[in-house]
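The residues making up each chain are set out below.
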Amino acid sequence: MNWNSIFQQAISQAFGLNAVVFAMATIGLNVHFGYTGLLNFGHIGFVAMGGYGVGMAITTFGLNPYLGLLVGIIYALLFALILGVPTLRLRGDYLAIVTIAASEVFRIVVRSTTLAPLTGGNTGITAFAAPFYELNPFTERLYSFGPFFYTGPNLFMITIGWPLVILVTLGIWQLMRSPWGRVVKAIREDEDAARALGKNAYWYKLQSLMLGGAIGGLAGILLAIGNSTVQPDYFVPVQTFFLWAALILGGVGRIWSPIVGSMLFWALLTITDGVMRGLQSTGAIPSWLMDGPQVGQVRFMLVGLGLALLMVYRPQGIFGSRQEMMLDAR
Amino acid sequence: MPVDAAPSPLAGVPYEPGVDKPDPILIVEGMRKAFGGLMAVDVHKVSIQRGLITALIGPNGAGKTTFFNLLTGFDQPDSGSTIFDGQDVSGFSPFRLAKMGMVRTFQLTKSLTRLNVIENMKLGAKGQVGEGFLQAFLPFFWKGQEREIEARAEDLLARFRLAHMRDEYAGTLSGGQRKLLEMARALMVEPDLVMLDEPMAGVNPALTQSLLEHVKSLRSQGITIVFVEHDMDVVRDISDWVVVMSEGRVIAEGPPEVIGQDPDVIDAYLGAHHDAPLTVAQEEQQLAQIEVQLDEPGTDAP
């Protein structure tokens, strides 16, 4: 087994495009659940909104590419409004049901043949990212430095994506230490208490849903441009739960946990994949037990197992405080 | 007994349900709320005198907490109107009422467990610039205000003997301390009317006394207080006026020493027929016992 190559792949993935997209999306999820206590089980829907927003704006509506970025965010904001206005007056569970359903409804609708002229149907939208790559200084096909290796376009998106992630994180950090953040956290702890103290809980929850949704949309824009395509079947519900996995891994309601959680998530996924393929090639895993393509599925099982163990032995995640977590149990 | 010797502003007000007060801060009229077939609240009229401590008492299930929820907007009545400080506030949401100066606490304390005590306090302050989304990014606009709020919060914490817990999570406080925190936090709103839902429930006797002192000190600051309470000793000790509810209706009003003697109130608490059976099953059991007693001599006799 080539440990060196597994390590290289893992560290490249930890800083790669997938991790950037996950980190950004998870920041949004952290705003929803970690700070406001909103149960959003359809976060991938917001990511899809961002991707389809930018894709459709450029290919379908023929807008200026930079205006397209704005359209991506607007899609996500509208999605948040449509989901939030009717459900946020109700108990938290209703938002959970509506978000998971709406994200899946959206995916099925955009991949329908009827809408193919608008959304590209099941093949999605391609050929919209070219204007952005005109700015790409990394023109070679492959870049390799230290343990990292990336394709030129990927490196371009990463160098834009990570600073953006840091910027958004700092923005959220400032927000959550302001009085606005205090209200939102109070709503997470007890909505009625916040209302009894004169805070319009509904309006703050809606603001939070829109903010987190817009950040999810930004993740979708990074994803769409980074892959130069929007594929409807990327946005399946299981992706939402991978985002949750990354958030819980890092620690819910902590400022740096989306970033570290996403990097670890992708590193671990790559390592398990590499190790299992290595074991297969040496014959340690016989082919009747698991063949090549099945490795990709089994590693997700291992992720599930890892999460279950995490919940048992370190439910607060990496950054969370156990003391704080245990307060709820009183 | 009224604690202060000064003549009560309610002198001369007749002791009857729904009576008008000379300077009411809150007037409720025709308020009804049914849960299915059960009329939980059916209040013809209640008016609350400004600047005094009014107790709302009644046996379990009398509708006190429901009435409280209706007054504070946490539940909407089927009919009826509420006038607060001369303004019709019927149907207002809880946060609007709080902004207008009517603040409530809860029977089961709602301390925000994963915020620390000082953050709990600061949350209560009204009109915070930094609570706007865009302003939140610009501390320049609200840092000064934040400092003022913090100073006020620390003052209150010291008064309520919670200053040493300033930076602890509210979730680590004891039950009594949570009651204190909740009361102090309500004062951060700078209310005119404070509604306390069973402020003494679950508090140890030593702390009860200090809570009572706090409630009295609110009155001396000119804050009106309405509170729900079970403990008649507490009611006698601090309240100026008592409103008694039973089965959703107001059955008596008056000063505490008069209410304690009112036959309607005693009936409501103890039941109109003190020795009557409580349930159908008990009644049948009693009848069966009487029958057995009647039969026995008959079988024994030759």
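Quick caveat: nothing in here was measured; it's all calculated off a predicted structure.

1. Quick notes on the overall build of chain B
Here's step 1: Along chain B, the regular secondary structure elements total 11 helices and 10 strands.
Here's step 2: Taking the principal axes of its C-alpha atoms as reference, chain B extends roughly 105 × 45 × 45 Å.
Here's step 3: Across the 302 residues in chain B, those meeting the buried criterion constitute 47%.
Here's step 4: Total accessible area computed for chain B in this model is approximately 14,300 Å², and 54% of it derives from carbon and sulfur atoms.

2. What to know about the interface of chain B and chain A
Much of the literature gives interface size as the accessible area that the parts lose upon coming together.
Here's step 1: Taken residue by residue, the interface counts 36 residues in chain B and 31 residues in chain A.
Here's step 2: Counting each side, the surface lost to burial between chain B and chain A is near 3,100 Å², with a carbon and sulfur contribution of 62%.
Here's step 3: At the boundary of chain B and chain A, one finds 5 salt bridges.
Here's step 4: One salt bridge connects arginine 182 of chain A with glutamate 119 of chain B, and the closest N-O pair in it is separated by 3.8 Å.
Here's step 5: Our enumeration of links across chain B and chain A arrives at 11 residue pairs in polar contact (both at pLDDT 80 or more).
Here's step 6: The element contributing the most residues to the side of chain B that touches chain A is helix 2 (residues 94-100) of chain B, with 4 residues.

3. Description of the domain arrangement of chain B
Residue and element names in this part refer to chain B.
Here's step 1: By domain assignment, chain B separates into domain 1 (24-111 + 190-277) and domain 2 (112-172).
Here's step 2: Tallying the contact residues gives 9 residues for domain 1 and 8 residues for domain 2.
Here's step 3: For the pair domain 1 and domain 2, the summed buried surface comes to about 710 Å²; carbon and sulfur atoms form 47% of the total.
Here's step 4: Three residues, Ser111, Glu190 and His214, lead the burial of domain 1 against domain 2; their summed loss comes to 68% of the area buried on that side.
Here's step 5: Counting every contact that joins domain 1 to domain 2 gives 1 salt bridge.
Here's step 6: Between glutamate 190 and arginine 152 there is a salt bridge, with its nearest N and O atoms 3.8 Å apart.
Here's step 7: For the side of domain 1 that touches domain 2, the elements supplying multiple residues, two or more each, are helix 2 and helix 7 (205-220).
Here's step 8: Considering each element in turn, the side of domain 1 that touches domain 2 owes the most residues, 3 residues, to helix 7.
Here's step 9: Residues belonging to the side of domain 1 that touches domain 2 are distributed by class as follows: 2 nonpolar, 4 polar and 3 charged.

4. Some thoughts on the nonpolar core
All names here are of chain A.
Here's step 1: In terms of nonpolar packing, the biggest core is built from 101 residues, with Phe128, Trp162, Ile172 and Phe265 touching the most fellow members.
Here's step 2: By residue number, the principal contributor to this core is helix 11 (residues 201-227), which donates 14 residues.
Here's step 3: For isoleucine 172, the residues in contact, after removing those within four places along its chain, are Ile27, Val31, Tyr35, Leu211, Ile215 and Ile255.

5. Quick word on helix 1 (residues 3-14) of chain A
All names here are of chain A.
Here's step 1: Here helix 1 contains 12 residues, and its C-alpha end-to-end distance of 16 Å stays within 8% of the 16 Å for a straight helix at 1.5 Å per residue.
Here's step 2: On its buried face, helix 1 is in contact with helix 2 (17-35), strand 3 (148-151), helix 8 (152-176) and helix 13 (257-282).
Here's step 3: Residue asparagine 2 occupies the N-cap position of helix 1, its side-chain oxygen lying 3.2 Å from the main-chain nitrogen of asparagine 4.

6. Description of the sheet that holds strand 1 (residues 24-35) of chain B
All names here are of chain B.
Here's step 1: The sheet built from 4 strands is open, its strands ordered 2-1-4-5 with antiparallel pairing. Whereas interior strands pair on both sides, the edge strands pair on one side only; in this sheet they are strand 2 (38-49) and strand 5 (87-88).
Here's step 2: Sheet analysis places strand 4 (residues 79-84) next to strand 5, joined by 2 bridges and oriented antiparallel. Along strand 5, the bridge assignment pairs isoleucine 83 with aspartate 88.
Here's step 3: Packed onto the sheet, helix 1 (residues 64-71) meets strand 1, strand 2 and strand 4 and runs at close to 115 degrees relative to strand 1.

7. Observations concerning the packing of helix 2 of chain A against helix 13 of chain A
Residues and elements named next belong to chain A.
Here's step 1: Packing of helix 2 against helix 13 brings their axes to within 8 Å, and their N-to-C directions diverge by 140 degrees. Here helix 2 is positioned oblique relative to helix 13, judged by the angle of their axes. Classified by chirality, the crossing of helix 13 by helix 2 is right-handed. Residues Asn18, Ala19, Phe22, Ala23, Thr26, Ile27 and Asn30 of helix 2 form the contact with helix 13, whose participating residues are Ser257, Pro258, Ile259, Ser262, Met263, Phe265 and Trp266.

8. Describing the environment of leucine 327 of chain A
Here's step 1: When you line up the elements, leucine 327 of chain A lands in helix 15 (residues 322-327).
Here's step 2: The exposure class of leucine 327 of chain A is buried, given its relative accessible area of 6%.
Here's step 3: When near neighbours in sequence (up to four residues on either side) are disregarded, leucine 327 of chain A contacts Thr113, Arg114, Tyr169, Gly171 and Thr172 of chain B.

9. Observations concerning the packing of aromatic side chains
Pairs of aromatic rings are described using the distance from one ring centre to the other and the angle between the two planes.
Residues and elements named next belong to chain A.
Here's step 1: Applying the stated criterion across every chain, the model contains 27 aromatic pairs over all chains.
Here's step 2: Note on phenylalanine 15 and tryptophan 162: the rings are 6.5 Å apart at their centroids and 65 degrees apart in plane angle, and the pair reads as edge-to-face. Separated by 147 residues along the polypeptide, phenylalanine 15 in the loop between helix 1 and helix 2 and tryptophan 162 in helix 8 bring together distant segments of the chain.
Here's step 3: Residue classification places phenylalanine 15 among the partly exposed positions, given a relative accessible area of 32%.
Here's step 4: A relative accessible area of 12% places tryptophan 162 in the buried class.
Here's step 5: A centroid spacing of 5.3 Å and a plane angle of 85 degrees characterise the contact between phenylalanine 22 and tryptophan 266, whose relative ring orientation is edge-to-face. Taken as a pair, phenylalanine 22 in helix 2 and tryptophan 266 in helix 13 lie far apart in primary sequence, 244 residues in all. Just as phenylalanine 22 is buried, tryptophan 266 falls in that class too.

10. A word on the pattern of salt bridges
A side chain of one charge can pair with a side chain of the opposite charge if their charged atoms are brought near each other.
Here's step 1: Counted by the stated rule, this structure contains 31 salt bridges over all chains.
Here's step 2: We note a salt bridge from aspartate 75 of chain B to lysine 33 of chain B, for which the minimum N-O separation is 3.5 Å. Taken together, the residues aspartate 75 of chain B in the loop between helix 1 and strand 4 and lysine 33 of chain B in strand 1 connect sequence positions 42 residues apart.
Here's step 3: Owing to a relative accessible area of 22%, aspartate 75 of chain B belongs among the partly exposed residues under this scheme.
Here's step 4: Accessibility expressed as a relative area gives 11% for lysine 33 of chain B, which makes it buried.
Here's step 5: Between aspartate 237 of chain B and lysine 216 of chain B there is a salt bridge, with its nearest N and O atoms 3.6 Å apart. With aspartate 237 of chain B in helix 8 (residues 232-238) and lysine 216 of chain B in helix 7, this pair connects stretches of sequence that are 21 residues apart.
Here's step 6: With relative accessibility at 27%, the residue aspartate 237 of chain B sits in the partly exposed group.
Here's step 7: Ionic contacts of the salt-bridge type, sharing partners, join the residues Arg182 of chain A together with Glu119, Lys122, Glu146, Glu150, Glu154, Arg166 and Asp167 of chain B into one network.

Criteria and cut-off values
Residues numbered from 1 in each chain as written. Chains lettered and ligands numbered in written order. Predicted model: local features only at pLDDT ≥ 70, side-chain atom pairs only at ≥ 80, totals over all residues. Heavy atoms only, no water. Helix = DSSP H or I, 4+ residues; strand = E, 2+ residues; numbered from the N terminus. Buried < 20%, exposed > 50% of the residue type's maximum accessible area, 1.4 Å probe, protein only. Areas by Shrake-Rupley, 256 points an atom, 1.4 Å probe, with all protein chains shown as cover. Contact = heavy atoms within 4.5 Å. Buried area = accessible area lost by both parts, 1.4 Å probe. Salt bridge = Lys/Arg side-chain N within 4 Å of Asp/Glu carboxyl O. Polar contact = N/O pair within 3.5 Å; in protein donor to acceptor, adjacent residues only side chain to side chain. Domains from an automatic or database assignment. Nonpolar A, V, L, I, M, F, W, Y, C, P; charged D, E, K, R; others polar. Core = buried A, V, L, I, M, F, W, Y, C linked by side-chain atoms within 4.5 Å. Expected span 1.5 Å × (residues − 1). Pairing = 2+ DSSP bridges. Axes fitted to C-alpha atoms, helices over the stretch in contact; angles between N-to-C directions. Parallel < 35°, antiparallel > 145°, perpendicular 65-115°, else oblique. Left-handed = near helix turned anticlockwise from the far one by under 90°. Phe/Tyr/Trp six-rings, centres within 6.5 Å; stacked < 30°, edge-to-face > 60°.

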